[in-house]
Amino acid sequence: MAADTSSDESLLQELRKAIEKHESTPDEKSEDIKACEACVGSVAKRAHSAQQIIHHLIKENLLKSILYHLPEFSPKARQDIKHIWLISLKSEVLRKEMDDYIRANPEILILLVRGYTKDDSMVQTYGDILRFSIKHEAMFYMILFSPLSWQFFNFVTAEEYAKSADAFKTFKIMLTRNNGYHRKHVAGFLKKNFTKFFGKFRELLTDDRYHVKRQALRLLSDVLQAKANFSIMVKYISQPSNLELMIKHLCQNDNQKKGIKSEAFHVFKFFVANPRKPECIVEVLAKNKTKLISTLEEMEKDGSDYGQELPLLIKRLKQLPAK
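Residues numbered from 1 in each chain as written. Predicted model: local features only at pLDDT ≥ 70, side-chain atom pairs only at ≥ 80, totals over all residues. Heavy atoms only, no water.

## Considering the side chain of K64
Then, number 1: Tracing the chain through its elements places K64 in helix α4 (residues 62-68).
Then, number 2: Given the relative accessible area of 18%, K64 is considered buried.
Then, number 3: Only 3.4 Å separates the side chain of K64 from the side chain of N105, close enough to count as a polar contact.
Then, number 4: Here E107 takes part through its side chain, which lies 2.7 Å from a polar atom of the side chain of K64.
Then, number 5: With residues near it in sequence (within four places) discarded, K64 still touches W85, Y101, N105, E107 and I108. (Helix = DSSP H or I, 4+ residues; strand = E, 2+ residues; numbered from the N terminus. Buried < 20%, exposed > 50% of the residue type's maximum accessible area, 1.4 Å probe, protein only. Polar contact = N/O pair within 3.5 Å; in protein donor to acceptor, adjacent residues only side chain to side chain. Contact = heavy atoms within 4.5 Å.)

## Considering the environment of G41
Then, number 1: Checked against the element boundaries, G41 lands in helix α2 (residues 29-47).
Then, number 2: Residues G41 and D80, spaced 39 residues apart in sequence, show a C-alpha to C-alpha distance of 5.8 Å.

## A short note on the packing of helix α17 (residues 258-273) against helix α20 (residues 309-318)
Then, number 1: Where α17 contacts α20, the two axes come as close as 10 Å, and the packing angle between them is 45 degrees. Relative to α20, the element α17 lies oblique. As α17 packs across α20, the resulting crossing turns out to be left-handed. Residues F265, H266, F268, K269, V272 and A273 of α17 touch α20, and the partners they reach there are E309, L310, L313, R316 and L317. (Axes fitted to C-alpha atoms, helices over the stretch in contact; angles between N-to-C directions. Parallel < 35°, antiparallel > 145°, perpendicular 65-115°, else oblique. Left-handed = near helix turned anticlockwise from the far one by under 90°.)

## Observations concerning the packing of aromatic side chains
Then, number 1: The full count for this structure, using the stated rule, is 17 aromatic pairs.
Then, number 2: Between F197 and F198, the aromatic rings sit 5.0 Å apart at their centres with planes inclined by 85 degrees, giving edge-to-face as the arrangement.
Then, number 3: Residue F198 is classed as buried on the basis of its relative accessible area, which comes to 9%.
Then, number 4: When the ring of F198 is compared with that of Y236, the centres are 5.1 Å apart and the planes differ by 50 degrees; the resulting orientation is tilted. Of this pair, F198 sits in helix α13 (residues 194-205) while Y236 is found in helix α15 (residues 230-236), placing the two residues 38 residues apart along the sequence. (Phe/Tyr/Trp six-rings, centres within 6.5 Å; stacked < 30°, edge-to-face > 60°.)

## Comments concerning the nonpolar core
Then, number 1: W85, F197, F201, Y236, M246, F268 and L296 are the most contacted members of the largest nonpolar core, which totals 107 residues.
Then, number 2: By residue number, the principal contributor to this core is α17, which donates 8 residues.
Then, number 3: Leave out the neighbours within four places in its chain, and F197 touches W150, F153, F171, L175, F189 and L190. (Core = buried A, V, L, I, M, F, W, Y, C linked by side-chain atoms within 4.5 Å.)

## Some details on the layout of surface pockets
Then, number 1: One number sums up the size of the largest pocket: a volume of about 240 Å³.
Then, number 2: K258, K261, E298, M299 and D302 are, among the 14 residues lining the largest pocket, the residues nearest its centre.
Then, number 3: Listing elements by their share of the lining of the largest pocket, those giving two or more residues are α17 and α19 (289-301). (1 Å grid on protein atoms, 1.4 Å probe; cavity = no way out; pocket = protein on both sides within 12 Å on 5 of 7 lines; lining within 4 Å. Points joined across faces, edges and corners; volume = space filled by probe spheres on them.)

## Looking at helix α18 (residues 279-287)
Then, number 1: Those residues of α18 not exposed but buried are I281, V282, V284, L285 and A286.
Then, number 2: In this structure, the buried residues of α18 make contact with α16 (240-250), α17, α19 and α20.

## What about the pattern of salt bridges?
Then, number 1: Scanning the entire structure with this criterion turns up 19 salt bridges.
Then, number 2: The shortest N-O distance in the salt bridge between K269 and E309 comes to 3.1 Å. With a gap of 40 residues between them, K269 in helix α17 and E309 in helix α20 connect regions that are remote in the sequence.
Then, number 3: Through salt bridges that share partners, K82, D128, R131 and D166 make up one connected network. (Salt bridge = Lys/Arg side-chain N within 4 Å of Asp/Glu carboxyl O.)

This is a description of form; function is not addressed.
Here is the structure:
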């Protein structure tokens, strides 16, 4: 054991020296980078079976250093860095130490979130580390209740599809992960920021790009149906402008956008199923009654599986007074 510890310390000293040399000689980077990458590769090989080396990485603040320099490394070295970080984040033994480390170095979360501003080739690496970070309550809370969370509205609308898709994946985990403390924090965040959040979310729902609109509709449905968000859902489905937008998506006739229609249905159903609809919602439904019934009946014929929800909504719409 003593020999292994000595070997670990020697390797980390070598890594520190390589990083310091790389940082101090910006015009002579190639060899320094190779030295850093070789050390990172060796650490990655040992990290899985010897988590003590992660403890030393944290203690020496090298865990942050290798993440900071990630864009400068080769694809192989980036994967090694991701491997080291994922082992650190998954370890129950290191959980408290990692939480304390991030609290002391919150700029790490900024580095991870801003990974979505990097080249496409690096987005998944940052995204994978970030998604495991979010599974730690301390790290999740620090992101959710900071300006970092609002940046995701920009990231999910990135021009590059890979960035947009990966950002949506992370945003979905942030808002819908099925965990007690996670649900509690999300509900608190949405209550506190209802107007701002759903105002920004409406921009996603009206985006011209198919994949952005569809992913946003799906995420909205998941957020609204969470039990912890019941009061948020009731508030959202009590606003006529939200219903009118869902009707627009549901009743569009573009066959190439059937996915939009399907996702919109799973939000629209909350408005109709609400047993305590405000009068303003009843009026919008009654005004569009004929169009809505026709649309839902066509959806019933096209073979899509909506279970018993579709005929039930048609029945409830037919019971509305005509306008």
